[in-house]
Amino acid sequence: MDNQRLILLLVFLFSCMMLWDAWQRKDLPPPVTQPQASAVPAASSVPSASGSAVPPTPTSSTAPAAQAAVMKVRTDLVEAEISSQGGDLVRLELLKHQAHDRPDKHFVLIDPAHAYAAQSGLIGPGLPNHKSVWSLPAQAMELKDGEEALRIALEAPIEGGGKVVKTYVFKRGSYLIDVQYAFVGAQPPAGAHAYFQLVRNDTPPEGTGGAMSTSTFTGAAFFTDQDKFKKVEFKAFGEKGKHPTTANDGWVALVQHYFVSAWIPANGPREYFTRKLDGNLYAAGVVVPITGTELTVPLYAGPQEQDKLEKIAPGLDLVVDYGWLTFIAAPLFWVLQWIHKLVGNWGWAIIVLTVLIKLIFFPLSAASYKSMAKMRVLTPKLMKLKEMYADDKQRMNLEMMELYKREKVNPLGGCLPILVQIPVFIALYWVLLGTVELRGAPWLGWITDLSVKDPYYVLPIIMGISMFVQTKLNPTPPDPIQAKIMLWMPIVFTGMFLFFPAGLVLYWTVNNILSIAQQWQVNRMIERAGLKAH
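Residue numbers restart at each chain and count upward from 1, following the sequence in its written direction. Confidence filtering applies because this is a predicted model: local features only for residues at pLDDT of at least 70, side-chain atom pairs given and counted only at 80 or more, and all residues used for totals across whole chains, interfaces and linings. Side-chain metrics in this entry use all non-hydrogen atoms of the structure; hydrogen atoms and water are not considered.

**Examining the overall build of the protein**
At step 1: Helix and strand assignments follow DSSP, with helices taken as H or I runs no shorter than four residues and strands as E runs no shorter than two, numbered in order from the N terminus. A count of helices and strands for the protein gives 10 helices and 20 strands.
At step 2: Of the contacts made within the protein by residues no fewer than 6 positions apart, 67% connect residues no fewer than 24 positions apart.
At step 3: As displayed, the protein offers around 24,800 Å² of accessible surface, 60% of which is attributable to carbon and sulfur atoms. The contact rule is simple, with two residues in contact once any of their heavy atoms fall within 4.5 Å. Accessibility throughout is a Shrake-Rupley quantity obtained with a 1.4 Å probe, and a residue counts as covered only by protein chains that appear here.

Here it is as structure tokens:
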């Protein structure tokens, strides 16, 4: 009985630690971001084909970033800004996703406030790079009805004659943007390369992080067929061995909660890099050789929608990282997504998935309740043994084991089924926490966004009541300390769940209600079998 209580206590304490961390992660405000004059400071460098940093090649078109003009681009999904300085994508607003705690505003992924930019340029004598000034075709362009793509062509001269045309191709219904380079009136010099990088400061995205919490991951990610998926924190940028360097496939990305930006070159030789720039800026990118007069590298910048990411590039869906529980979480998300296609609402999908999980684990839970019932029957005899052999611990343990053997009772029988279920419930927790599809998704009534807290705290209060009922259905532990812990559990959990995303609270509440119904049913079965505790 003591072992059983100890394991349950450890499970409870682990759950509290997990919930406390998530509560801080979800609700603490991010540090204040200082405004940046430009996405990249003047001291930033251009990658070389060998992976070392070299100064940008001086050209007649190099100018300070403060003088750069900006062109606005709008499609059905995004509103972008392209700077004449380097032809960089310096702002990307996602029109189908709302800002954190601001339903009246759109979410901005590539954001000047974080010095976030998608940069690219050419490496070679007299070739333009991200520090050169490109001519913009207009002040603004918009994808019109009936058009499937919008092409934005920028130009920069090449020393000695000719020019380079840099074209952004925005597509209807897609977050994939093609970035094309074409040489006009000139041939690329021998050994010329192109680089594509994502630059950002290390300030956490809005709605995440805090000095006392462990944030959801924000940093670089790499994928190659040989090295598979690799994450690199900002503090490790520039360190050797943290990510692949040379490969013939793969991609490089900057990852944050719910969203990702990734350069995805076609298969062929390339070199990956990370670099610490001036101030608190960081760059991650890829260098590819130029083998002809044209080169195209796609840029994905949008939500982490797994079914779409896996179709864009191998391994890109892994940016939705569930850690060591991925092998459980990934199938759970697939089932949740399948249910959503049937019911058409993420809230009801969560409820149906919770019911399915409960049904799958019903035999284990029933075995746990039965085992605990048998232990309750033996409790008076165990207490008598403790009194008889209070001064002889070894004899007491031997007598207790003899009693278990004689009555055919496994003292851990009530705990092991519970421990088996814990990884599944934690995996589901992370699925609900990291699923971008829940962001802005309504359920019913006052729940208009399952990814943020219940505005009226109705679900957390119902959850607390359900936990209290569960506590009352269980016998009071003989240990006064354990009894107090069990009494305070509903109060502590309710306090933390007040600030949890509504989707998580909905899952936990439904799970508690189903557990109450299951426990009541199992108790009836136990009573009919003559195992009711006296």
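**Re the sheet that holds strand E13 (residues 219-224)**
At step 1: Whether two strands pair comes down to DSSP finding at least two bridges between them. One open sheet holds the 8 strands; their spatial order is E9-E10-E11-E20-E17-E16-E13-E14, and the pairing between them is antiparallel. In the strand order of this sheet, the two ends are held by strand E9 (149-157) and strand E14 (228-233), each with one partner. Neighbour-to-neighbour, the strand axes of this sheet turn through a mean angle of 20°, independent of strand direction.
At step 2: Looking at chain direction, strand E10 (residues 163-171) and strand E11 (residues 176-184) are connected through 8 bridges and run antiparallel. Across the sheet, residue Tyr168 finds its bridge partner in E11, namely Val179. Every angle, taken between N-to-C directions, lies between 0 and 180 degrees, and every axis is a line fitted to C-alpha atoms, over only the stretch in contact when it is a helix.

**Structural notes on the confidence of the model for the protein**
At step 1: The predictor reports its confidence for every residue as pLDDT, a score running from 0 up to 100. On average, residues of the protein carry a pLDDT of 82, and 78% of them reach 70 or more.
At step 2: Confidence drops under a pLDDT of 50 for residues 57-64, and excluding neighbours within four residues, the segment shows 19 contacts in the predicted structure.
At step 3: In this model residues 209-214 is a low-confidence stretch, pLDDT under 50, and it forms 11 contacts with partners more than four residues away in sequence or in other chains.

**A closer look at the pattern of salt bridges**
Two side chains that carry opposite charge are able to pair once their charged atoms sit near each other.
At step 1: For this document, the term salt bridge refers to a Lys or Arg side-chain nitrogen within 4 Å of an Asp or Glu carboxyl oxygen. For the structure on display, the rule yields 9 salt bridges.
At step 2: For Glu81, the salt bridge goes to Lys72, with nearest N and O atoms at 2.8 Å.

**A short note on the packing of aromatic side chains**
At step 1: Stacked, edge-to-face and tilted are the three classes for Phe, Tyr and Trp ring pairs, Trp counted by its six-membered ring, which pair at centre distances within 6.5 Å; planes under 30 degrees apart are stacked, over 60 edge-to-face, the rest tilted. What the rule picks out here adds up to 20 aromatic pairs.
At step 2: Between Tyr258 and Phe259 the ring centres are 6.4 Å apart and the planes differ by 80°, which places this aromatic pair in the edge-to-face class. Accessibility classification places Tyr258 together with Phe259 in one group, the buried group.
At step 3: Pairing Trp348 with Trp443 gives two aromatic rings, centres 5.5 Å apart and planes at 70°, and the pair type is edge-to-face. Taken together, the residues Trp348 in helix H4 (residues 346-360) and Trp443 in the loop between helix H7 (416-434) and helix H8 (458-473) connect sequence positions 95 residues apart.
At step 4: A 1.4 Å probe rolled over the protein chains alone gives each residue an accessible area, and that area as a share of the maximum for its type sets the label: buried under 20%, exposed over 50%, partly exposed in between. By relative accessible area, Trp348 is classed as partly exposed at 40%.
At step 5: An aromatic cluster of three or more residues is present, and its members are Phe493, Phe497, Phe500, Tyr507 and Trp508.

**What about a nonpolar patch on the surface?**
At step 1: Only residues whose relative accessible area exceeds 30% and that form no salt bridge are eligible for patches; like-charged ones are grouped when within 9 Å, while nonpolar side chains (Val, Leu, Ile, Met, Phe, Trp, Tyr) are grouped when within 5 Å. A surface patch of nonpolar side chains, about 950 Å² in accessible area, is lined by Trp334, Trp338, Leu342, Val343, Trp348, Val352, Val355, Leu356, Leu359 and Leu444.
At step 2: Of all the elements in the fold, those that place two or more residues in the nonpolar patch are helix H3 (326-343) and H4.
At step 3: The element contributing the most residues to the nonpolar patch is H4, with 5 residues.
At step 4: Looking at the secondary structure, you find Val343 in helix H3.

**Things to note about the nonpolar core**
At step 1: Put simply, a nonpolar core is a bunch of buried Ala, Val, Leu, Ile, Met, Phe, Trp, Tyr and Cys residues held in one set by side-chain atoms that sit within 4.5 Å of each other. Counting 118 residues, the largest nonpolar core has Leu89, Ile152, Tyr168, Phe170, Phe196, Trp251 and Trp263 as its most contacted members.
At step 2: Take this core: its biggest share by element is 10 residues, from H7.
At step 3: Ignoring sequence-local partners within four residues, the contact set of Phe196 consists of Gln119, Ser120, Val179, Tyr181, Trp263, Ala284, Gly285, Val286, Val288, Leu295 and Val297.

**Focus: the environment of Ala149**
At step 1: Note that Ala149 resides in strand E9.
At step 2: With relative accessibility at 38%, the residue Ala149 sits in the partly exposed group.
At step 3: Residues Ala149 and Lys171, spaced 22 residues apart in sequence, show a C-alpha to C-alpha distance of 4.4 Å.

**Overview of the side chain of Asn511**
At step 1: Mapped onto the elements, Asn511 comes out in helix H10 (residues 502-528).
At step 2: Residues in contact with Asn511, not counting those within four places in the same chain, are Thr354, Lys358 and Phe425.

**Side note on the pairing of strand E20 (residues 294-303)**
At step 1: Most of E20 is tucked away: 8 of the 10 residues are buried.
At step 2: Across 7 bridges, E11 lies against E20 in antiparallel orientation. What sits directly across from Ala182, in E20, is Glu294.
At step 3: Direction of pairing for strand E17 (residues 259-263) relative to E20: antiparallel, over a ladder of 5 bridges. Paired with Phe259 across the bridge in E20 is Pro303.

**As for unusual backbone geometry**
At step 1: A positive phi angle, near 55°, is found at Ala115, a position not held by glycine.
At step 2: Along the chain, the position of Ala115 falls in the loop between strand E6 (102-110) and strand E7 (117-123).
At step 3: Even without being glycine, Tyr457 reaches a positive phi, approximately 60°.
At step 4: You can see Tyr457 is positioned in the loop between H7 and H8.

**Re the packing of H3 against H4**
At step 1: Remark: H3 packs on H4, axes separated minimally by 8 Å, with the N-to-C direction vectors making an angle of 125°. Here H3 is positioned oblique relative to H4, judged by the angle of their axes. Seen from above, H3 lies across H4 with right-handed handedness. The residues of H4 that touch H3, namely those facing Leu332, Val335, Leu336, Gln337, Ile339, His340 and Val343, are Trp346, Trp348, Ala349, Ile350, Val352, Leu353, Leu356 and Ile357.
At step 2: Of the residues assigned to the contact of H3 with H4, the class counts are 13 nonpolar, 2 polar and no charged. Convention used here: angles under 35 degrees read as roughly parallel, angles over 145 as roughly antiparallel, angles from 65 to 115 as roughly perpendicular, and any remaining angle as oblique. By convention, the crossing between two helices is left-handed when the near helix turns anticlockwise from the far helix through less than a right angle, and right-handed when the turn is clockwise. Residue polarity follows a fixed list, in which Ala, Val, Leu, Ile, Met, Phe, Trp, Tyr, Cys and Pro are nonpolar, Asp, Glu, Lys and Arg are charged, and the others, Gly among them, are polar.

**Some details on the pairing of E7**
At step 1: Of all 7 residues in E7, 7 are buried; the element is thus mostly enclosed.
At step 2: Alignment of E7 against strand E12 (residues 193-201), held across 7 bridges, turns out to be antiparallel. Bridge pairing links Ser120 to Phe196 in E12.

**Overview of helix H6 (residues 393-407)**
At step 1: Working rule for helices: expected span equals 1.5 Å times residues minus one. Taking 1.5 Å as the rise per residue, H6 with 15 residues should run 21 Å; its terminal C-alpha atoms sit 21 Å apart, in good agreement.
At step 2: All of the buried residues in H6 are Met396, Met400, Leu403 and Tyr404. For H6, the angular spread of buried residues about the axis comes to 100°, placing them on one side. Away from its buried face, by an angle of more than 90 degrees, H6 presents the exposed residues Gln394, Leu398, Met401, Lys405 and Arg406.
At step 3: At the exit of H6 stands Lys408, carrying a positive phi of roughly 60°. By arc we mean the arc of the directions from the helix axis to the C-beta atoms, nothing more.

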